[in-house]
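Structural overview
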Amino acid sequence: MGGLPEPNEGRDSDDDGQDIVLDARIQDAIGRSLKAHYDDLISAPIPDRLLVLLAELEAKERRDDQQ
């Protein structure tokens, strides 16, 4: 507990202990799908409430730096 992970930890294996490997085309399709999803998230506008909170935090940090 709390030590280094075993070399195969987190990998899926079949009943014979063989590593399960996805076909490269499937991996590519999953990768493209994830990239498209995250690109949409990154390009989404920042909610106004979050912008207000960030501005408040910056103002507080400036006040703290001046003291």
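Notes on the structure follow. This one's a predicted model, so the numbers in the text were calculated from it and none came from an experiment. Counting restarts for each chain, with residues numbered from 1 along the sequence as it is written. With pLDDT at 70 or above as the cut-off, local features in this predicted model cover only qualifying residues; side-chain atom pairs require 80 or more to be listed or tallied, and sums for whole chains, interfaces and linings still use all residues. As a rule here, side-chain values cover all heavy atoms of the structure and leave hydrogens and water aside.

Considerations on the overall build of the protein chain
By the criteria applied, helices consist of DSSP H or I runs no shorter than four residues and strands consist of E runs no shorter than two, each listed in order from the N terminus. The helix and strand tally for the protein chain stands at two helices and zero strands. As presented, the protein chain carries roughly 6,700 Å² of accessible surface, and 55% of it is formed by carbon and sulfur atoms. Accessible surface area values rest on a Shrake-Rupley calculation with a 1.4 Å probe, where residue burial reflects the displayed protein chains alone.

Let's talk about the pattern of salt bridges
What counts as a salt bridge is simple: a side-chain nitrogen of Lys or Arg found within 4 Å of a carboxyl oxygen of Asp or Glu. Taken as a whole, this structure holds three salt bridges when the rule is applied. Close ionic contact of lysine 35 with aspartate 39 constitutes a salt bridge, the shortest N to O distance being 2.8 Å. Within this pair, lysine 35 and its partner aspartate 39 are both found in helix H1 (residues 24-43), separated by four residues, close to a single helical turn. With a shortest N-O distance of 2.9 Å, lysine 60 and aspartate 64 are connected by a salt bridge. One end of the pair, lysine 60, and the other, aspartate 64, are both in helix H2 (residues 48-66), four residues apart, so they sit about a helical turn from each other. On the basis of relative accessible area, lysine 60 is assigned to the partly exposed category, the value being 42%. Each residue is assigned to one of three classes by its accessible area relative to the maximum for its type, calculated with a 1.4 Å probe on protein chains only: buried under 20%, partly exposed between the two thresholds, exposed over 50%.

Section: a nonpolar patch on the surface
Where nonpolar side chains cluster on the molecular surface, the patch consists of Leu22, Ile26, Ile30, Leu34, Tyr38, Leu41 and Ile42 and spans about 710 Å² of accessible area. In this structure, leucine 34 sits in helix H1. Patches draw on residues past 30% relative accessible area with no salt bridge. Two like charges within 9 Å are joined, as are two nonpolar side chains (Val, Leu, Ile, Met, Phe, Trp, Tyr) within 5 Å.

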